Amino acid sequence: MCATLPPPLPRPPHQCHVTRVWSVVSPSLPSDSPSYNRGRRPTAHPWRLSSRRRFVTGGRSVVSSAVHGTAPLASSLALALALLVLVLTSATSALSPSELELDVRPSSAAPVTPRPFVAAVSEFVWAEGYPEQDLAVEPDAPWRRNLETVRRHAATAAQQDADLLVLAEYAILKVWPRAQLAVYAAQLPPVEDMVVICDDPTQHEAIRNLSCLAREHQMYIVANFVTKELCSADSDSACPEDGVSLFNTNLVFDRTGALIQTYHKYNLFGIELEHLQKPAPHLSAFRTDFGAVIGLMTCFDVLFEVPGVEMTRRGVTHFAFPTDWGDELPSLSALQMHSAWPRGLGVTLLSSGIHYLSEGSIGSGIFTGSGALGYLYDYSAEGAEGGVVTATVPAGCSWGADSCPSDQAAAGRQVPSAPAAGNTDDYYPIQNYNVSEFVSAPLSGQSQRLCDGEFCCELTVSQQRPVAAAESGATYRLLVLDGRRNFAPHWSTQICAVVLCAGADQASCSTFPAGVAPPPPAPFSLRGSFSAGWAVFPSVIRTHMELLAEWFYSRPTGQLEVADTGRLLVAQLYGRNYALDLP
């Protein structure tokens, strides 16, 4: 039987705002290093409400409305009361993640006993010229050709008896500027109505097609599309000038084609901040007829507490995850983060991505707390076709229990051919992170301890092995970081990583090595001095961006063990403390 999720930490009484952070990490390692202040700002992130304010005192939730105007001057008591309300509402306008309501739909559906189900994720290739090409109304407009790809992928999933298909973020529609996007965005009926949009010719063509596909193949479909809601500046101060609020939205259709749930992406990224609206924080999930409650999140969300991590505290163990990810070495490739997130939390992630190599967007898979049930990560010319990955997900599988099969079958990675052994040439374009912020040292062949301020990483080898660089100069280094990402929002990280660097210097650790890799390092274990409040996400990848088959991570101790180090690219513990994030 699979282990259950640990209970959330209790909230201290009589607190107006407490950001609850759940720790799945190891005890601290001793440190004799000097003090280190970078990244040490223990402030909670404000989860803001627009017009109604909630605060917690003595375990009770109190909701009040903002006070406008002034009390009559003749009544000093009334004025004092008004000022008191203003002070209370302004001081308690934050809403902690633990206070968010988990919205599971259909709300009327009764829970059923979980059973294994077949999941499918789509690696999506845009129509030629998309998204650079302007939208058009002609039958062969790019977004309509994207719909044809959706139809093919849905048919492929249906042939594998899929119960659920997850489609990529922006798979159908991705275009800027905002004015053009607003024209093609969809207005949705209320999810409470559970409308079968397929039957309504007045609805958006793309949404109607998705509904019809779900009904035709009798499968749940999670799709991503830009939606719009009309607003007025008279009643909504956040309303854009054109009177249209745009959202990056996940849509859920059941087997009948009914729209049963939506989720607006909360953590917007890059250009989205200029053109889309950031919704209030919310938690959205849907109930299935195979017993799984599946949480919804999108791309950049995976790095933050809301929505995904908070939903795991409520017992949600499966997540649908449309993404348009941009790979970044050495720490944030899709293969690393999308396999590490469920491995660290003991849940299942259904990751469906865009295949667009010029932006480093690649990779999709079905990942569990034990490993990948199947994944697609092909940067070769043949990979331009994309594809569908399917796998049977065990019922109630979480936390890497024995009943949760790991990836580690050769068929886990669906690619047309295996790479040449040891050679790392011909990699696709990728974003290279400036690793100058890390502290690093070459691997010595012996056990090592390296610190960035007060945060330390300990590498332990079971047997000493001489270390040699490749002819190309490629070497292995131990990298350590305790800091905050210099990108809005500024998220706090602590990282321990063993990295194959392209050269002898630290700056080359975010670049793919060329030629034959150096001799592999000795088998090792890795752990960091993560303190309470840090969630840790482990991953191990090999050259040619393959998941390593044999490695072990202990959640109670936070220790990562790698026995097979052949063709190792990165072994990493990626730590996050959400309470230390800044806007």
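Because the structure is predicted, anything quoted here is derived from the model rather than measured.

Q: Requested: an account of the state of the cysteines, with residues and values cited.
A: With the rule as written, the count across this model stands at 5 disulfides. A disulfide bridge connects cysteine 451 with cysteine 456, and the sulfur atoms are separated by 2.0 Å. The S-S bond linking cysteine 451 to cysteine 456 shows a torsion near 105°; that makes this disulfide right-handed. With respect to burial, cysteine 451 and cysteine 456 carry one shared label: buried. Covalent S-S linkage joins cysteine 457 and cysteine 496, the inter-sulfur distance amounting to 1.9 Å. Residues cysteine 457 and cysteine 496 are joined through a disulfide that is left-handed, its torsion about the S-S bond being -85°.

Q: Help me get a handle on the packing of aromatic side chains, residues and values and all.
A: According to the stated counting rule, one finds 15 aromatic pairs in the structure shown. Ring plane angle 90° and centroid distance 5.1 Å describe the contact between phenylalanine 319 and tryptophan 341, whose orientation is recorded as edge-to-face. A residue pair is termed long-range when its members are at least 10 positions apart, and phenylalanine 319 in strand E11 (residues 318-323) and tryptophan 341 in helix H7 (residues 334-345) qualify at 22 residues. Across the pair, exposure class does not vary: phenylalanine 319 and tryptophan 341 are buried alike. Against the face of tyrosine 266 rests lysine 278, its NZ or CZ located 3.8 Å from the ring centre. For the cation-ring pair, arginine 343 lies above tryptophan 551, with the distance from its terminal atom to the ring centre recorded as 3.9 Å.

Q: Can you tell me about the pairing of strand E22 (residues 492-501), naming the residues and giving the values?
A: For E22, the tally of buried residues reaches 10 of 10 residues, placing the bulk of the element in the interior. Residues Ser492, Gln494, Cys496, Val498 and Leu500 of E22 are buried on one face, and the alternating residues Thr493, Ile495, Ala497, Val499 and Cys501, pointing to the opposite face, are buried as well. Inspection of the sheet shows strand E21 (residues 475-484) paired to E22 by 10 bridges, in the antiparallel sense. Residue pairing in the sheet places arginine 477 in a bridge with valine 499 of E22. Note that E22 and strand E28 (residues 568-576) share 7 bridges and pair antiparallel. Across the sheet, threonine 493 pairs through a bridge with arginine 576, a residue of E28.

Q: Summarise the side chain of glutamine 261; cite the residues concerned and give the values.
A: Within the secondary structure, glutamine 261 is located in strand E8 (residues 259-264). Residue class for glutamine 261 comes out buried when judged on its relative accessible area of 1%. For glutamine 261, the side chain forms a polar contact with the main-chain oxygen of aspartate 103, separated by 3.0 Å. In contact with glutamine 261, other than residues within four places in its own chain, are Asp103, Arg105, Val191, Asn250, Leu251, Val252, Ser284, Ala285, Phe286 and Leu296.

Q: Requested: an account of helix H2 (residues 142-159), with residues and values cited.
A: One turn of the α-helix equals 3.6 residues, which is why residues spaced by three or four share an orientation. Taking 1.5 Å as the rise per residue, H2 with 18 residues should run 26 Å; its terminal C-alpha atoms sit 26 Å apart, in good agreement. Buried within H2 we find Pro142, Trp143, Arg144, Asn146, Leu147, Thr149, Val150, His153, Ala154 and Ala157. Tucked inside the fold, the buried residues of H2 contact strand E4 (117-123), strand E5 (164-166), helix H3 (178-184), helix H4 (205-217) and strand E16 (387-393). Positive phi appears at aspartate 161, one or two residues downstream of H2, with a value of about 60°.

Q: Now, about the nonpolar core: what can you tell me, with residues and values included?
A: Residues Leu164, Phe286, Leu303, Trp341, Ile366, Phe524 and Leu560 are the most contacted members of the largest nonpolar core, which totals 113 residues. Two domains each put at least three residues into this core: domain 1 (100-131 + 141-393) and domain 2 (432-580). Excluding residues within four positions of it along the chain, phenylalanine 524 makes contact with Leu459, Thr460, Val461, Val498, Leu560, Glu561, Val562, Thr565, Leu568 and Ala571.

Q: Give me the lowdown on H4, citing residues and values where you can.
A: The end-to-end C-alpha separation of H4 is 18 Å, in line with the 18 Å expected for 13 residues at 1.5 Å each. All buried positions along H4 are accounted for by Ala206, Ile207, Asn209, Leu210, Ser211, Leu213 and Ala214. Contact partners of the buried residues in H4: H2, strand E6 (220-230) and strand E7 (244-253). One or two positions beyond H4, positive phi appears at glutamine 218, with a value near 50°.

Q: Run through the packing of H2 against H4, naming residues and quoting values.
A: When two helices pack together, you describe them by how their axes are tilted relative to each other and by the distance separating the axes. The contact between H2 and H4 brings their axes to 11 Å, and the two run at 10°. As the angle between them shows, H2 and H4 are arranged roughly parallel. When the axes of H2 and H4 are compared, the crossing they make is right-handed. Here Trp143, Arg144, Leu147, Val150, Arg151, Ala154, Ala155 and Ala158 of H2 come into contact with H4, specifically with Glu205, Ala206, Asn209, Leu210, Leu213 and His217. Partitioning the contact of H2 with H4 into residue classes produces 9 nonpolar, 2 polar and 3 charged.

Conventions and cut-offs
Residues numbered from 1 in each chain as written. Predicted model: local features only at pLDDT ≥ 70, side-chain atom pairs only at ≥ 80, totals over all residues. Heavy atoms only, no water. Disulfide = S-S within 2.5 Å. Buried < 20%, exposed > 50% of the residue type's maximum accessible area, 1.4 Å probe, protein only. Phe/Tyr/Trp six-rings, centres within 6.5 Å; stacked < 30°, edge-to-face > 60°. Helix = DSSP H or I, 4+ residues; strand = E, 2+ residues; numbered from the N terminus. Lys NZ or Arg CZ within 6 Å of the ring centre and 35° of its normal. Pairing = 2+ DSSP bridges. Polar contact = N/O pair within 3.5 Å; in protein donor to acceptor, adjacent residues only side chain to side chain. Contact = heavy atoms within 4.5 Å. Expected span 1.5 Å × (residues − 1). Core = buried A, V, L, I, M, F, W, Y, C linked by side-chain atoms within 4.5 Å. Domains from an automatic or database assignment. Axes fitted to C-alpha atoms, helices over the stretch in contact; angles between N-to-C directions. Parallel < 35°, antiparallel > 145°, perpendicular 65-115°, else oblique. Left-handed = near helix turned anticlockwise from the far one by under 90°. Nonpolar A, V, L, I, M, F, W, Y, C, P; charged D, E, K, R; others polar.

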